[in-house]
Amino acid sequence: MIPPAFEYARPASVDEAVRALADAGEEAKVLAGGQSLLPLLRLRLAFPELVVDVGRIPELRGVREDGDALVIGALTTHHDVVRDPLVRRHAGLLAAATATVADPAVRHRGTLGGSLAHADPAGDLPAVALALDAELVAAGPGGRRTIPARDFFLDYLTTALAPDELLVEVRVPKRDGWGFHYEKFQRVAQAWAIVGVAALVRRDDGHIAEARIGLTNMGSTPLRATAAEEALAGADGPAAVARAAETAAEGTRPSQDLSGSPEYREHLARVLTRRAVLTAAGMG
């Protein structure tokens, strides 16, 4: 299908991009890697009057350290996130989950910032950002502001970004020494996850001292499995992990679609949480 007509802008800097967005208001869309926006345009599910292509802004790419955090440019591709030594060393969960996104062609074009700004609850990376307690930095006419991941995802395909704001960085706390695993279930390879679980685990003296669990596709936004996180504190073996995992679906509102019922997704959340935590904790 042919997309509807639109104006096109290719700014050379963040300031130029913000001005273009501010001038167009709610009638503009940002084009990063294009792996989310282009299908919406082709299917005529989006009708922007202006597409702002930020793909040529160099300051939006790359990974650097800033104290206890990694700062990842919003335009950094999935491929580069997976291969970056800083990400692999300090945020292994992000590297592991990103390696499961779609296929190599998509990972070479798709971007971390684009995936988070698209805010599809079936996408892998929003739940990972929640589990990592990431912060997202937006640039707008009034300057820059930092939005915690827990406040960024508001509803289905809806974020806290204003129409005249551009996501420029993702700040990820270093989790050295934490175990991690991303577990998802999908109908076929490279398909969207029916349910996914991002698990971070810190062990102390043979026990789980702390756990962080992000859930993919268990509601209209990515979610934290807070009940399971609390139940995992002090878990000292597979039986205790299994009991805690039974609470993983508490507080979720999974959808009904061709891939499964809410009850089926709740079952998957429990099973995948048990698997992910056991692997992250080195108990599996």
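Right above here is the structure, for reference.
Residues numbered from 1 in each chain as written. Predicted model: local features only at pLDDT ≥ 70, side-chain atom pairs only at ≥ 80, totals over all residues. Heavy atoms only, no water.

## Concerning helix α1 (residues 14–24)
Along α1, the residues that are buried comprise V14, A17, V18, A20 and L21. Axial view of α1: buried residues confined to an arc of 160 degrees, hence all on one face. Across from the buried face of α1, at angles greater than 90 degrees, the exposed residues are D15, R19 and D23. Buried residues along α1 sit in contact with β2 (28–31), β3 (50–53), β6 (135–140), β7 (143–148) and β10 (166–173). Phi for G25, located one or two positions after α1, is positive at around 65 degrees. (Buried < 20%, exposed > 50% of the residue type's maximum accessible area, 1.4 Å probe, protein only. Helix = DSSP H or I, 4+ residues; strand = E, 2+ residues; numbered from the N terminus. Arc of directions from axis to C-beta. Contact = heavy atoms within 4.5 Å.)

## A few points about empty space enclosed by the protein
As enumerated under the stated definition, the model contains one cavity of 30 Å³ or more in all. Along its surface, the largest cavity is lined by L94, L112, L116, L125, V128, A129, L132, A134, V170 and V172. At the level of elements, α7 (112–118), α8 (124–131) and β10 are the ones that each hand at least two residues to the lining of the largest cavity. For the lining of the largest cavity, the leading source of residues is α8, giving three residues. Taken together, the residues that form the lining of the largest cavity break down as 10 nonpolar, no polar and no charged. (1 Å grid on protein atoms, 1.4 Å probe; cavity = no way out; pocket = protein on both sides within 12 Å on 5 of 7 lines; lining within 4 Å. Points joined across faces, edges and corners; volume = space filled by probe spheres on them. Nonpolar A, V, L, I, M, F, W, Y, C, P; charged D, E, K, R; others polar.)

## Let's talk about helix α11 (residues 238–245)
Structurally, the α-helix is built with 3.6 residues per turn, so residues lying three or four positions apart point the same way. Those residues of α11 not exposed but buried are A240, V241, A244 and A245. Along the axis of α11, the buried residues cluster in a sector spanning 135 degrees; they form a single face. The inward-facing, buried residues of α11 abut β13 (207–216), α10 (226–232) and α12 (262–280).

## Quick word on the pairing of β6
With five of six residues buried, β6 is to be regarded as a mostly interior element. Bridge count between β6 and β7: six bridges; the pairing is antiparallel. Counterpart to A139 in the pairing with β7 is R144. Hairpin remark: β6 followed by β7, antiparallel, with two residues in the connecting loop. As defined by bridge partners, β6 adjoins β10 across five bridges and the pair is classed as antiparallel. Across the sheet, A138 pairs through a bridge with L167, a residue of β10. (Pairing = 2+ DSSP bridges.)

## Let's talk about the sheet that holds β10
Reading across the sheet, the five strands line up as β4-β5-β10-β6-β7 and stay open at both edges, with antiparallel pairing between neighbours. Only two strands of the sheet have a single neighbouring strand rather than two, namely β4 (63–66) and β7. Going from strand to strand, the sheet's axes swing by 25 degrees on average, the running direction of each strand aside. Of the strands in this sheet, β6, β7 and β10 are in contact with α1, which crosses β10 at around 125 degrees. (Axes fitted to C-alpha atoms, helices over the stretch in contact; angles between N-to-C directions.)

## Looking at the nonpolar core
Nonpolar side chains in soluble globular proteins tend to end up buried together. Among the nonpolar cores identified, the biggest contains 36 residues, and V87, L94 and L116 are the most heavily contacted of them. When residues of this core are assigned to their parent elements, the largest contribution, five residues, is made by α8. The residues contacting L116, other than those within four sequence positions of it, are L125, P126, A129, L136, F152, F153, T159, L167 and V170. Counting 28 residues, the second largest nonpolar core, distinct from the first, contains I194, A225, L232 and L268. (Core = buried A, V, L, I, M, F, W, Y, C linked by side-chain atoms within 4.5 Å.)

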